[in-house]
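# Tertiary structure, described
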Amino acid sequence: MFADNDPRLSQLLEGIVRLASGDLNSRIEVSPARDELDAIIMGTNLLAEDLQIIYEELEQRVEVRTKLLHEAHLEMQKMAMQDPLTGLANRSALLTALKSAQSDGARDTLPPVILLLDLDAFKSINDTQGHTAGDKVLITVADRIRGAVRATDVVARLGGDEFAIVMPATGADQAAVVGQRILAALKEPIELPDRSIRCGASVGLSVGDAGQGPEEMLMQADVAMYASKAEGLNRLHIFEPGLLLVRRLRSQLLDDLRSALKGEGLVLNYQPVVELATGRVEGVEALIRWNHPSRGRIMPDEFIPLAEEAGLISELGRWVLTTAVEQLRRWVDEDAVDSAFSVRINISATDLQSLQFIEDVRGVLKETGVRPEQVVLELTEMAIVKGNDLDRYSLGGLRGLGVGIEIDDFGTGYSSISYLRRLPVDRVKVDRSLIVGLGTDPNQPALVAAVLQLVRACGLEAVWEGVETAEQAEHLRTLGCLSAQGYFFSKPLPADDIPALVAAAFPAGNIGP
Ligand code: C2E
Ligand code: CA
Ligand code: CA
């Protein structure tokens, strides 16, 4: 036993207080007595030992966890700044880089530049070749851009097929050279598993001004990029304030087109299609015109692409379809035309891709009671060849409704004969560019004959468009071309002028007004 005044008791107490205060290294001294009190002291020391081990392990674990957390945080930060597909910077990283390039620009002699790049045919690659191929294209483009710029330039993907490059302290001239180098790099074919493709781009360039925010620079590059796109493939445009005006006019025109679609201003003109052997007007092609309240008549080549880009083309297509078929109904009711007479309607590629369009055609046929054979839809070669499976399904669906289908602008695209054979079409409309030299170019007659032969070999009939002279018409007739259309017979006319034209017909053999 130990005495009440044993000094080891107070030692024990002090030791426990030290341990409790966090000093896990401290130990209490064991006496030579080795009695019960020493046993308690040793037990306490053991507990302290355990506590220390546990504590150290815990500290280690906290350290590891902290490190992991830090890494995860860095990764997340990278992800928030990076496009996961290409590893390029993303939009927010680009804006950050642009901001710092602009503030550095105040010190540098040359201003920062941003290039904005939009791929020209990416959507159709994605649609026809699939998303894996689309991803491959984006990754390849990213690599090529990176290979064409300096290490200090920031390359970003802004989403979809839009890329941007921030070049600190560069100036317009030097940046334009880099832009051209990128365009050249993109001209090289991209190898996909079963084919190689080319994917061009349009580039806009904007030079940073003092006091300009990154968003404003990006907007200017966007305006310049649109100007490049409007000019054709593989162009580079430098932003200039005049382009803003162009953009404003464009958006004004779009607003006007929206209200024209809801109210008045759009009209259809009709151009006769003439059977060459007999001179009979076998039908008409509906061609849209826009009587703009202040700009006067605007032709479709100017506003159809606009409507296409702005997503108004379906609405426009629906209007044309309904208006043309209802007009045909009126002509039939007035006995102005017979049951073999057809109305041709131009269909955009977008219409072809929408299943709603088939329903619209079905609906208007039902409402008007017009015979489906009297409605012929004109589709450009490009729209069909570029199309995906859905388009072919739509073609089949339209075909199932009994309407005629004709390939428009034949000869300007690249459809193969085997392709032509497989398509559910009845006729091709041969582009006017294939006849312009007739009468001047000695090789032209052979070409015209060859095209007609080719079309017939596919089991189809040809309508030739853009016939402007009696000589051309006569030549086509002797070659056995079924029908033709063009200024020689008549310009597109208002609906009211058509019945008289149909009644008069064109003298067979000696065709012409
Ligand atoms: P397109 O389908 O190839 O139409 C034929 C174009 O050639 C028409 O131009 C017509 O006026 C013009 N043309 C007719 N005969 C001759 C001729 O003898 N010589 C020459 N040089 N030209 C002739 P337009 O009306 O300006 O239409 C241009 C294009 O706009 C059309 O080309 C078509 O692609 C598109 N378009 C017209 N109306 C519509 C429509 O309602 N819907 C859609 N989606 N596109 C339309
Ligand atoms: Ca046409
Ligand atoms: Ca055409």
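Bear in mind that the values here come from a model prediction, so they are computed numbers and not experimental data. (Residues numbered from 1 in each chain as written. Chains lettered and ligands numbered in written order. Predicted model: local features only at pLDDT ≥ 70, side-chain atom pairs only at ≥ 80, totals over all residues. Heavy atoms only, no water.)

## Overview of the overall build of the protein chain
- Along the protein chain, the regular secondary structure elements total 18 helices and 17 strands.
- On C-alpha atoms alone, the protein chain measures out to a radius of gyration of 38 Å, which is more than a quarter above the 24 Å that the 2.2 N^0.38 rule sets for 513 residues.
- A total of 513 residues make up the protein chain; the buried ones form 45% of that total.
- Counting contacts in the protein chain only where the partners sit at least 6 residues apart, residues at least 24 apart contribute 67% of the total.
- Accessible area for the protein chain stands at about 26100 Å²; split by element, carbon and sulfur atoms hold 55% of it.
- Side-chain charges in the protein chain split into 50 positive and 75 negative, and the spacing between the mean points of these groups amounts to 4 Å. (Helix = DSSP H or I, 4+ residues; strand = E, 2+ residues; numbered from the N terminus. Rg over C-alpha atoms; globule rule 2.2 N^0.38 Å. Buried < 20%, exposed > 50% of the residue type's maximum accessible area, 1.4 Å probe, protein only. Contact = heavy atoms within 4.5 Å. Areas by Shrake-Rupley, 256 points an atom, 1.4 Å probe, with all protein chains shown as cover. Lys, Arg positive; Asp, Glu negative; His and termini not counted. Charge placed at Lys NZ, Arg CZ, Asp CG, Glu CD.)

## Details of the coordination of the calcium ion (ligand 2)
- Looking at the metal site, the calcium ion (ligand 2) is ligated by E285 (OE), N346 (OD1), E378 (OE) and D408 (OD), spaced 2.1 to 2.3 Å from it.
- In terms of primary sequence, the donors binding the calcium ion (ligand 2) are separated according to E-x60-N-x31-E-x29-D.
- In this structure the calcium ion (ligand 3) is found 3.9 Å away from the calcium ion (ligand 2), and D408 serves as a bridging donor for the pair. Linking N346 in strand 11 (residues 342-347) with E378 in strand 12 (residues 375-380), this pair joins segments that are 32 residues apart in sequence.
- Since its relative accessible area comes to 29%, N346 is described here as partly exposed.
- A relative accessible area of 1% means that E378 is categorised as buried. (Donors = N, O, S within 2.8 Å, 3.2 Å for Na, K, Ca; no water.)

## Considering the coordination of the calcium ion (ligand 3)
- Around the calcium ion (ligand 3), the protein contributes the donor atoms D408 (OD), D409 (OD), E465 (OE) and E465 (OE), which lie 2.2 to 2.8 Å from the metal centre.
- Between consecutive donor residues of the calcium ion (ligand 3), the sequence gaps follow D-D-x55-E.

## Regarding the site of ligand 1
- With respect to spatial proximity, 22 residues lie near ligand 1, and among them Q271, R289, R432, E468 and Y487 are the closest.
- At 3.3 Å from an oxygen atom of ligand 1 is found a side-chain nitrogen or oxygen belonging to E285.
- Here R289 contributes a side-chain N or O atom positioned 2.8 Å from an oxygen atom of ligand 1.
- Here ligand 1 has 800 Å² of accessible area as a free molecule, and 87% of this is covered by the chains.
- For the shell around ligand 1, the secondary-structure elements that each account for two or more residues are strand 9 (281-292), helix 9 (300-309) and strand 13 (404-410). (Near = heavy atom within 4 Å. Polar contact = N/O pair within 3.5 Å; in protein donor to acceptor, adjacent residues only side chain to side chain.)

## A few points about the environment of L352
- The residue L352 is located in helix 11 (residues 349-353) in this model.
- Sequence separation of L352 and Y393 is 41 residues, and the distance between their C-alpha atoms is 9.4 Å.

## Topic: the packing of helix 8 (residues 242-262) against helix 9
- Relative orientation of the contacting elements helix 8 and helix 9 amounts to 85°, with a least axis distance of 11 Å. Overall, the two elements helix 8 and helix 9 adopt an arrangement that is roughly perpendicular. Side by side, helix 8 and helix 9 meet where R250, L253, L254 and L257 of the first sit next to E302, F303, L306, A307 and E309 of the second.
- In terms of residue class, the contact of helix 8 with helix 9 is made up of 6 nonpolar, no polar and 3 charged. (Axes fitted to C-alpha atoms, helices over the stretch in contact; angles between N-to-C directions. Parallel < 35°, antiparallel > 145°, perpendicular 65-115°, else oblique. Nonpolar A, V, L, I, M, F, W, Y, C, P; charged D, E, K, R; others polar.)

## Brief notes about the pattern of salt bridges
- A full pass over the atoms with the stated rule returns 27 salt bridges.
- Here E309 ties to R250 by a salt bridge, and the two come within 3.0 Å at their closest N and O atoms. One end of the pair, E309, is in helix 9; the other, R250, is in helix 8, and 59 residues separate them in sequence.
- Salt bridges sharing partners connect three or more residues here, namely E282, E285, R344, E378, E406, R427 and K429. (Salt bridge = Lys/Arg side-chain N within 4 Å of Asp/Glu carboxyl O.)

## Things to note about the sheet that holds strand 7 (residues 236-238)
- Read from one edge to the other, the open sheet built from 5 strands follows the order 2-3-1-6-7, with strand pairing classed as mixed. Each edge of the open sheet carries a strand with a single partner, namely strand 2 (154-159) and strand 7. Recorded for the sheet is a direction-independent mean angle of 20° between the axes of neighbouring strands.
- Sheet topology note: the strand 1 (residues 113-119)/strand 3 (residues 162-167) ladder contains 6 bridges and is antiparallel. Following the sheet pairing, D118 is matched in strand 3 by E162. (Pairing = 2+ DSSP bridges.)

## Details of the layout of surface pockets
- In this structure, the second largest pocket spans a volume of roughly 550 Å³.
- Lining of the second largest pocket is provided by 19 residues; of these, A230, V246, R247, R250 and L306 occupy positions nearest its centre.
- Elements supplying a minimum of two residues to the lining of the second largest pocket: helix 7 (214-231), helix 8 and helix 9.
- Take the lining of the second largest pocket: its biggest share by element is 8 residues, from helix 8.
- Considering only residue class, the lining of the second largest pocket consists of 10 nonpolar, 2 polar and 7 charged. (1 Å grid on protein atoms, 1.4 Å probe; cavity = no way out; pocket = protein on both sides within 12 Å on 5 of 7 lines; lining within 4 Å. Points joined across faces, edges and corners; volume = space filled by probe spheres on them.)

All we've got here are geometric facts, nothing functional implied.
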